[in-house]
Amino acid sequence: MLEDNFGRQFNYLRLSITDVCNFSCSYCLPDGYQCDTPRNFLTLDEITHLVSAFADVGTKKVRITGGEPCLRKDVVDIVAACKSIAGIDEVAITTNGFNLMEKIDELVAAGLDSLNVSIDSLNPAMFKLITGHDKLKNILAGIERAIELGVKSIKINAVLAKSFSTNHLGEFLTWIADKPITVRFIELMETGDGAQFFTQNHISGQAIKAQLLEAGWLQLVRGKQAGPAQEFTHPDYIGRIGLIMPYSPDFCRTCNRLRVSALGKLHLCLFSESGIDLRETINLNSQVATIAAIRHALDDKTVSHELAKRLTGGTKHLAMIGG
Ligand code: SAM
Ligand code: SF4
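Let me sum up the structure you'll find in this document. Just so it is clear, the model here is predicted, and its values are computed rather than measured.

The next subject is the site of ligand 1. Tyr-27, Gly-67, Ser-118, Asn-157 and Met-189 are the nearest of the 19 residues found near ligand 1. In this structure, Ser-118 approaches ligand 1 through a side-chain N or O atom, which is 2.5 Å from an oxygen atom. Breaking the shell around ligand 1 down by element, the ones donating at least two residues are β5 (90-95), β7 (153-160) and β8 (182-187). Of the residues in the shell around ligand 1, the class split is eight nonpolar, nine polar and two charged.

What follows deals with unusual backbone geometry. The backbone of Asn-167 shows a phi angle near 60°, a positive value even though the residue is not glycine. Structurally, Asn-167 can be placed in the loop between α6 (162-165) and α7 (169-176). Judged by its relative accessible area of 73%, Asn-167 falls in the exposed class. Its identity is not glycine, yet Arg-310 carries a phi of approximately 65°, on the positive side. Among the secondary structure elements, Arg-310 is positioned in the segment after α11 (287-298). By relative accessible area, which is 41% here, Arg-310 ends up partly exposed.

A separate point is the sheet that holds strand β10 (residues 230-233). Taken in spatial order, the 12 strands make up an open sheet running β9-β10-β11-β8-β7-β6-β5-β4-β3-β12-β13-β14, and their pairing is mixed. One side of each edge strand has no neighbouring strand; the edge strands of this open sheet are β9 (218-219) and β14 (276-277). The pairing of β8 with strand β11 (residues 240-244) spans five bridges and is parallel. Following the sheet pairing, Thr-182 is matched in β11 by Arg-240.

So, on to the pattern of salt bridges. In a structure, side chains of opposite charge can pair up when their charged atoms sit close to one another. For the structure shown, the criterion picks out 14 salt bridges. Linking Asp-113 and Lys-83 is a salt bridge whose minimum nitrogen-to-oxygen distance equals 2.9 Å. Taken as a pair, Asp-113 in the loop between α3 (100-109) and β6 (114-118) and Lys-83 in helix α2 (residues 75-83) lie far apart in primary sequence, 30 residues in all. Under the relative-accessibility criterion, Asp-113 is labelled buried at 12%. Since its relative accessible area comes to 28%, Lys-83 is described here as partly exposed. Residue Lys-309 pairs with Glu-306 through a salt bridge whose shortest N-O separation is 2.6 Å.

Burial analysis of strand β3 (residues 12-16) places five of its five residues in the buried class, the great majority of the element. Neither face of β3 is open: one carries Tyr-12, Arg-14 and Ser-16, the other Leu-13 and Leu-15, and all of them are buried. Alignment of β3 against strand β4 (residues 61-65), held across five bridges, turns out to be parallel. Directly across from Tyr-12, in β4, lies its bridge partner Lys-61. With respect to chirality, the unit in which β3 leads through helix α1 (residues 44-56) into the neighbouring parallel β4 is right-handed. Relative to strand β12 (residues 257-260), β3 is paired through four bridges, and the arrangement is parallel. Across the sheet, Leu-15 pairs through a bridge with Val-260, a residue of β12.

Basis of the calculations
Residues numbered from 1 in each chain as written. Chains lettered and ligands numbered in written order. Predicted model: local features only at pLDDT ≥ 70, side-chain atom pairs only at ≥ 80, totals over all residues. Heavy atoms only, no water. Near = heavy atom within 4 Å. Polar contact = N/O pair within 3.5 Å; in protein donor to acceptor, adjacent residues only side chain to side chain. Helix = DSSP H or I, 4+ residues; strand = E, 2+ residues; numbered from the N terminus. Nonpolar A, V, L, I, M, F, W, Y, C, P; charged D, E, K, R; others polar. Buried < 20%, exposed > 50% of the residue type's maximum accessible area, 1.4 Å probe, protein only. Pairing = 2+ DSSP bridges. Salt bridge = Lys/Arg side-chain N within 4 Å of Asp/Glu carboxyl O. Right-handed = clockwise from strand over helix to strand, strands pointing away.

Right under this line is the structure:
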């Protein structure tokens, strides 16, 4: 098992497979994807080697992310490869959903267990304003198809921002009343390129929590292996609500995840200064060497991010690493 100096164990890998994205979300890539980094992303073979090494030391869950992971032509093969690795119990994907309707059947057939789709507003005009794309209807159809196919876990990620989140809780609640979906509101995090947007838009998730509790929603007790989201249920709703509040003082206490970028760099935190290059070791084709490199790096994992001091490390935007 991978463990850091603070006793935290890491059984969850977030693997970015591209940093390219076709959307221009106002809090992430407001000017769209800039072709300013190399594009020699980890190959299917390299991914298989890397995930096998993580699985050997206790990783149970892999999330495929990006940029936009579904832009990669071999995304279905990547899901299938991860699913076939001994020890990996759950393969998840985080996507903007632009081609979900076309891809979901194949992804599920390849073994996809969990689907996260980012939707910051259920109002089509607002959705277009945030992302630059008039795709909401299509994305919602893809989610309906995922429900039909019986995908075990379907979550929506909705970033909270002053300019687009005011009064939208009601819309999301109506939508999940009869759907087995969890909507997770995520507090906006500051990034290197996003300081101004952050200053103008950051709002705490506490107001939503208070509204939920007042409306009879009950907070679930978190499981030992649960991630950082606080989850709420209500007897009148099939769906659930989650809140991710990275500015809460003890947010990092339950950290159970490591990240690898599309270029094969291990990121110990979303906001670390830089990634540790695993690619050379991956290409030695030695599980032992890859595991040793991961363990060695883990020694430097800090107890917490320093977002409260407005230190965002080397992270220009979350599309670089996968969120
Ligand atoms: N393109 C895919 C998507 O949007 O789902 C996957 C990558 S995206 C970087 C992963 C998640 O990070 C998305 O849910 C997105 O909303 C979230 N995200 C991006 N920038 C963020 C920020 N500054 N603060 C909080 N969440 C952010
Ligand atoms: Fe692209 Fe996802 Fe960033 Fe939006 S949040 S710009 S979809 S990477």
